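# Architecture and fold: a report
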Amino acid sequence: MKYVDEFRRRDLARGLARAIAAEADPARGYNLMEFCGGHTHAIFRFGVQDLMPENLRFVHGPGCPVCVLPVARIEKAIELAERHGVILCTYGDMMRVPAGKRRSLLKAKAGGADVRMVYSTQDALAIARKAPERQVVFFAIGFETTTPPTALAIKQAAAEGLENFSVFCNHVLTPAAIRHILESPEVGEQGRLSIDGFLGPSHVSSVIGSRPYAFVAEAYRRPIVIAGFEPLDVMQSALMLIRQLNEGRHEVENQYRRVVTPEGNLKAQALVAEVLTLRRSFEWRGLGTVPESALAIRNSFAAFDAERRFDITPSDRGDVKGCLCPSILRGVKKPTDCKLFGTVCTPENPMGSCMVSSEGACAAYWTYGRFRDAGGTRRKREQAA
Amino acid sequence: MNAVDKRFATRLDTRSGGIDMSHGGGGRATAQLVAELFMRHLDNPLLNQGNDQACFPAPSGRMVMTTDGHVVSPLLFPGGDIGSLAVHGTINDVAMAGARPLYLSAAFILEEGFPLAELERIVISMAGAAEAAGVTVVTGDTKVVEAGKGDGVFITTTGVGVVPDGIEISGDRAEPGDAILVSGSIGDHGIAILSKRENLEFETEIRSDSAALHGLVAAMVEAVPSIHCLRDPTRGGLGTTLNELAQQSGVGMRIREDAIPIKPDVAAACELLGIDPLYVANEGKLVAICPAAKAERLLSVMRAHPLGRDASVIGEVVADEHAFVQMETGFGGQRMVDWLTGEQLPRIC
């Protein structure tokens, strides 16, 4: 299969593993944060960690748009569906994320709310066209990757005069999140969390290019390698980071050259800039309030902004007690550090978003990797009992 | 059948007619539907007796009974339809005990307004599948629900069969050291269905693998009577089935991704949608677990059968108190193959 099999070849993996083992300096550790949930998923699904030397650790970052959405925003979506009777169109992952009081979009749907899973904005537009008498709201989430389709959908709705369509916009931005992590006390002063370098996001970068990450290398003096999603991409990027660290370099490098350019997709950027604008600040699950880290709909398209069309009461609910998602999202704790992991919190009964999303660290760890710590988890259970 | 025909003033309009509430009333309309549609195509002596039950001599030996509800959507898909699927599915559940299937029952829940032409096509398909398999649908039932209360048609089939002596096949019989085999490529059925879902249409020539496996099973148990487990990986796919068997037997499993057959089209579709093929449904495949010493023989018998051409040994059973199913990835790393959580959903970015 083109463009997939080539990037999963075992012989190439072995070659890269040998090179990594040869070049990794045994006298130091390499803590590499993979920002993107997609990378976390790839690492676990293909068992990339098994091919790395002991002194290389992947630190899982917050690049999972489902995971970083605060409970309050999900509550708003649920309210739109339940109290305002809209057809709420959402991506599949969002449906099971727990909000306050164990509710979720999936449970709201089971209770009669018209929540529909869609695969793209085009599906939501189609629903709006077919049901002109109903209000249709698209629950837009995602990093920069999914902003062009959202912007396009709003433009299309405007052009068609599709008045029953609106977007509940929750897009968040990657460079701001990376900066926030590097500025956080754990990384900065306390030094509790060591991040030596970053594997930069693949498809976010296809939109924004590799240039926006320059500050990571220059201001924070960390190497960052834009890495593709395939396991070989991850390995090659790890090797590139090891080399930079060994050589004392801190640069932006692009491993995903087959897709990412320095300036990115200019047409997409222009489209997004036309429709969406920077929010002054936005609350992220786990990261807290992050300035200039999210997008809202411009005034020129206010008619299609669900937050302005509907009066949605803000709620103040937080995470479940004991849920370590906030710390896990920042890379400070591992899923196995959480008392709820595997006991109360499982994919069937998730307590937090990290366990729900297919790209969440807890979900990845539980689904693909919990055999590694099986003894540990059992011991914890015995201790807790 | 002439006596039956005289009861009804006009023939059932299977060209442009639809199901209405009277067809479920139990009166003349029901009788006509049963006679001119079901009995006409499913046609066999036991069914034609026209009773509410079928009476047959009890076969000697141990009997097997199974039941399935079929709610597939769309009703018609590349490689089959709800009718043939129902027949194959129930025959297979009987066969997974190593049993020879004998009779089926079929209960229909029809939605008011469902086109008779479509229903007839489904029943003809069932009849064809049953005949090809050498099995008869000997009794049935028909109910009608109001429009909006049913998705066109739901079919429930029950099957009975007989297990030959000396065959002890059960999900709790896997032992450490046993070999794990699969009869062919995974994911065909689920992807065929997905390719026809309204908002996911993509061009592919993938056809459902829906098929009756009792012939393959008969050849297998004859050559290797000591088979421990058989199961067809339907809903939830291979991954779920292996976990079920591991749990039932209290063992672990270690499989190799490279050894699992998958068609390139299916793999590509799964990549596109972000779906793990390990969890995609199959309707014409089986998993077999047998003593290691018999694996080679079993494999060659399977490969000699048309429905087992791509059979493969994919791993082995190990002792593991956690009953984990682990897989060596094509890449050389290790990952768990966990139970499927909820329904598989495509990734978002």
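On a predicted model such as this, the values are computed, not experimentally measured, just so you know.

Conventions we followed
- Residues numbered from 1 in each chain as written.
- Chains lettered and ligands numbered in written order.
- Predicted model: local features only at pLDDT ≥ 70, side-chain atom pairs only at ≥ 80, totals over all residues.
- Heavy atoms only, no water.
- Core = buried A, V, L, I, M, F, W, Y, C linked by side-chain atoms within 4.5 Å.
- Buried < 20%, exposed > 50% of the residue type's maximum accessible area, 1.4 Å probe, protein only.
- Contact = heavy atoms within 4.5 Å.
- Helix = DSSP H or I, 4+ residues; strand = E, 2+ residues; numbered from the N terminus.
- Polar contact = N/O pair within 3.5 Å; in protein donor to acceptor, adjacent residues only side chain to side chain.
- Buried area = accessible area lost by both parts, 1.4 Å probe.
- Salt bridge = Lys/Arg side-chain N within 4 Å of Asp/Glu carboxyl O.
- Disulfide = S-S within 2.5 Å.
- Axes fitted to C-alpha atoms, helices over the stretch in contact; angles between N-to-C directions.
- Parallel < 35°, antiparallel > 145°, perpendicular 65-115°, else oblique.
- Left-handed = near helix turned anticlockwise from the far one by under 90°.
- Nonpolar A, V, L, I, M, F, W, Y, C, P; charged D, E, K, R; others polar.
- pLDDT = per-residue confidence, 0-100.

Moving on, we come to the nonpolar core. By size, the foremost hydrophobic cluster in this structure holds 107 residues, and its most contacted members are Leu88(A), Met94(A), Phe138(A), Phe139(A), Phe165(A), Ile178(A) and Trp284(A). If we skip the residues at most four places from it in the chain, Trp284(A) touches Val68(A), Pro70(A), Phe143(A), Val172(A), Leu173(A), Ala177(A), Val290(A) and Ser293(A). In this structure, Ile19(B), Leu85(B), Ile91(B) and Ala212(B) belong to the second largest nonpolar core, which totals 37 residues.

Residues and elements named next belong to chain B. Here Glu120 is to be found in helix H5 (residues 116-133). Reaching out from Glu120, the side chain makes a polar contact with the side chain of Arg40 at a distance of 3.3 Å. Non-local contacts of Glu120, meaning those with residues more than four positions away in its chain, are made with Thr14, Leu37, Arg40 and His41.

Take the interface of chain B and chain A next. On the side of chain A, 43 residues touch chain B, which itself brings 31 residues to the contact. Both sides together, the interface formed by chain B and chain A hides about 3,200 Å², and carbon and sulfur atoms give 59% of it. Summed over the shared surface of chain B and chain A, the result is four salt bridges. Linking chain B with chain A are eleven residue pairs in polar contact (both at pLDDT 80 or more). Those elements that place two or more of their residues in the side of chain B that touches chain A are helix H9 (264-273), strand E12 (325-328) and strand E13 (334-336) of chain B. The dominant element in the side of chain B that touches chain A, judged by the number of residues it contributes, is H9(B), at four residues.

The next subject is the state of the cysteines. Residues and elements named next belong to chain A. Inspection of every chain in the model, using the stated rule, returns one disulfide over all chains. Sulfur-sulfur distance for the disulfide between Cys64 and Cys67 comes to 2.3 Å. Between Cys64 and Cys67 the disulfide shows an S-S torsion of about 70°. By sign, it is right-handed. Each member of the pair, Cys64 together with Cys67, is buried.

We now examine the packing of helix H6 (residues 147-160) of chain A against helix H11 (residues 266-275) of chain A. Residue and element names in this part refer to chain A. Running from amino to carboxyl end, H6 crosses H11 at an angle of 55°, the nearest separation of the two axes being 9 Å. Between H6 and H11, the angle falls in the class oblique. The element H6 and its partner H11 pack so that their crossing is left-handed. Side by side, H6 and H11 meet where Thr147, Pro148, Ala151, Leu152, Ile154 and Lys155 of the first sit next to Ala268, Leu271, Val272, Glu274 and Val275 of the second. Split into classes, the residues belonging to the contact of H6 with H11 amount to eight nonpolar, one polar and two charged.

Moving on to unusual backbone geometry. Here the amide bond leading from Ser73(B) into Pro74(B) is cis, since omega sits at 5°, within 30 degrees of zero. Within the secondary structure, Pro74(B) is located in the loop between strand E1 (62-70) and strand E2 (76-77). You will see that Arg221(A), though not glycine, has its phi angle at about 50°, which is positive. With respect to the helices, strands and loops of the structure, Arg221(A) is situated in the loop between helix H9 (214-218) and strand E8 (224-226). The phi dihedral of Ala323(B) falls on the positive side, at around 55°, and the residue is not glycine. With respect to the helices and strands, the residue Ala323(B) is situated in the loop between strand E11 (312-318) and E12.

Turning to the confidence of the model for chain B, a few remarks are in order. Parts of the model with low pLDDT should not have their predicted coordinates read in detail. Residues and elements named next belong to chain B. Per-chain confidence: chain B averages 93 in pLDDT, with 95% of residues scoring 70 or above. Long-range and interchain partners of residues 345-349, a stretch whose pLDDT sits below 50, account for 18 contacts in this model, where long-range means more than four residues apart. Scoring of the predicted complex yields 0.86 for pTM and 0.78 for ipTM.

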